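Summary of the model geometry
Chain residues, written in single-letter form:
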Amino acid sequence: MPKPKKNGKALNIILEAELYNRLEELSNKTRLTKTAIVELSLEKYLKEQKNGSTNG
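Attention here is on the structure that accompanies the text. (Residues numbered from 1 in each chain as written. Predicted model: local features only at pLDDT ≥ 70, side-chain atom pairs only at ≥ 80, totals over all residues. Heavy atoms only, no water.)

Examining the overall build of the chain
A tally of regular secondary structure across the chain gives two helices and zero strands. Its C-alpha atoms give the chain a radius of gyration of 14 Å, more than 25% over the compact-globule value 10 Å for 56 residues. By its C-alpha atoms, the chain is 40 × 30 × 20 Å across when sized along the principal axes. Classification of the 56 residues of the chain by burial places 5% in the buried group. (Helix = DSSP H or I, 4+ residues; strand = E, 2+ residues; numbered from the N terminus. Rg over C-alpha atoms; globule rule 2.2 N^0.38 Å. Buried < 20%, exposed > 50% of the residue type's maximum accessible area, 1.4 Å probe, protein only.)

Below, the structure is given as structure tokens:
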């Protein structure tokens, strides 16, 4: 049975090769999709920005 379609929008980006390689390594290690990793990371970043965190 296929996964249900996400209610989302496409985002097309270009990453530096090294950053992409790190993303791919993490994806292979964790068995999470690159999309899932980027979504989780972006959610965390946006939450920190909203709360006034300045780590980075």
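A look at a nonpolar patch on the surface
There is a patch of nonpolar side chains on the surface, built from Leu 11, Ile 13, Leu 15, Leu 19 and Tyr 20 and spanning about 460 Å² of accessible area. Note on placement: Leu 15 falls in the segment before helix 1 (17–30). (Patch = residues over 30% accessible without salt bridge, like charges linked within 9 Å, V, L, I, M, F, W, Y side chains within 5 Å. Areas by Shrake-Rupley, 256 points an atom, 1.4 Å probe, with all protein chains shown as cover. Salt bridge = Lys/Arg side-chain N within 4 Å of Asp/Glu carboxyl O.)

Some details on a negative patch on the surface
A grouping of Glu 16, Glu 18, Glu 24 and Glu 25 is seen on the molecular surface, where their side chains present a negatively charged patch. As for its position among the elements, Glu 24 is in helix 1. (Lys, Arg positive; Asp, Glu negative; His and termini not counted. Charge placed at Lys NZ, Arg CZ, Asp CG, Glu CD.)

Here we look at the layout of surface pockets
The volume enclosed by the largest pocket comes to roughly 520 Å³. Contributing elements (two or more residues each) for the lining of the largest pocket: helix 1 and helix 2 (34–50). Among the residues making up the lining of the largest pocket, the classes are represented as eight nonpolar, three polar and four charged. Roughly 250 Å³ of volume is contained in the second largest pocket. Along the walls of the second largest pocket sit Ile 13, Leu 15, Leu 19, Arg 22, Leu 23, Leu 26, Ile 37, Val 38, Ser 41, Leu 42 and Tyr 45, which together make up its complete lining. Listed by contribution, the elements that provide at least two residues to the lining of the second largest pocket are helix 1 and helix 2. Considering every element that reaches the lining of the second largest pocket, the biggest residue donor is helix 2, with five residues. (1 Å grid on protein atoms, 1.4 Å probe; cavity = no way out; pocket = protein on both sides within 12 Å on 5 of 7 lines; lining within 4 Å. Points joined across faces, edges and corners; volume = space filled by probe spheres on them. Nonpolar A, V, L, I, M, F, W, Y, C, P; charged D, E, K, R; others polar.)

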